[in-house]
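Residue-level structural notes
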Amino acid sequence: AFELDRAKVTNESDREIVYEQVRGMFGSTAAFEHFVRTNFYDTVVRAVGEPCATRYERAAIIFLPYAWYGAIDTVTTSQESIEAQAEGATFLVYAALNMLFYLPQVFVIYPLVLVGVSAGQSASQTLKVGPALMFDFLAYQVLNFLLTVALVMLVQYAVLW
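Below, the structure is looked at part by part. Please read all numbers here as calculations on a predicted model, not as lab measurements.

The next thing to look at is the side chain of Glu33. With respect to the secondary-structure elements, Glu33 resides in helix α2 (residues 29-38). Every residue in contact with Glu33, bar those within four places of it in the chain, is listed here: Phe2, Glu3, Leu4 and Asp5.

As structure tokens, then:
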């Protein structure tokens with residue numbers, strides 16, 4: 001069972017400072033120890049959710065760096081690079097297609113896969129990143145890629161027509 005006296009501190013002189021703060025918030029160290037033993041887990045779960053549960057908002061935040069990558073990939077490209085990828089395309093067309101490729105991945109595909117995987121886990125399990133999860137990610141990636149290619153072909157057809 002948790003005992004504050006057995007907690008490790010970097011400097012022993014810090015222990016009394018910590019005890020003062022604990023007494024100020026809980027009245028006594030015994031009340032704090034009781035809280036940690038009985039209510040701490042439930043309090044944390046209410047604040048941030050079950051250990052293996054990932055809410056959509058948090059899952060989307062996890063993948064924001066990929067959105068930043070997509071934005072940088074879009075704004076730092078040259079017209080020559082755009083022409084190599086889609087003949088006759090303008091920067092606006094290229095940017096729109098990149099948005100159609102990156103944003104669904106960041107805000108739909110990856111978060112929903114993570115939320116779906118974590119919803120299937122119980123608090124006693126760790127998140128298993130195995131073949132099934134990798135297949136889901138790969139399948140969604142391929143689907144998104146194929147839809148983006150189809151959109152590129154439609155845009156090229158519209159530009160040439």
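On we go from here.
Relative to the helices and strands, Asn98 is located in helix α7 (residues 91-119). With a relative accessible area of 11%, Asn98 lands in the buried category. When sequence neighbours within four positions are dropped, the list of residues in contact with Asn98 reads Gly70, Asp73, Thr74 and Leu103.

This part is about the packing of aromatic side chains. Taken as a whole and assessed by the stated rule, the structure comprises eight aromatic pairs. A ring pair is formed by Tyr69 and Tyr102, whose centres lie 5.9 Å apart and whose planes are at 80 degrees; its orientation type is edge-to-face. Here Tyr69 is found in helix α5 (residues 64-75), whereas its partner Tyr102 is found in helix α7, with 33 residues between them in sequence. We classify Tyr69 as partly exposed; its relative accessible area is 45%.

The next subject is the pattern of salt bridges. Considering all chains together, one arrives at four salt bridges under this definition. Here Arg15 ties to Glu12 by a salt bridge, and the two come within 2.6 Å at their closest N and O atoms. Of the charged contacts in the structure, one is a salt bridge between Arg23 and Glu16, with a shortest N-O distance of 3.2 Å.

Parameters at a glance
- Residues numbered from 1 in each chain as written.
- Predicted model: local features only at pLDDT ≥ 70, side-chain atom pairs only at ≥ 80, totals over all residues.
- Heavy atoms only, no water.
- Helix = DSSP H or I, 4+ residues; strand = E, 2+ residues; numbered from the N terminus.
- Contact = heavy atoms within 4.5 Å.
- Buried < 20%, exposed > 50% of the residue type's maximum accessible area, 1.4 Å probe, protein only.
- Phe/Tyr/Trp six-rings, centres within 6.5 Å; stacked < 30°, edge-to-face > 60°.
- Salt bridge = Lys/Arg side-chain N within 4 Å of Asp/Glu carboxyl O.

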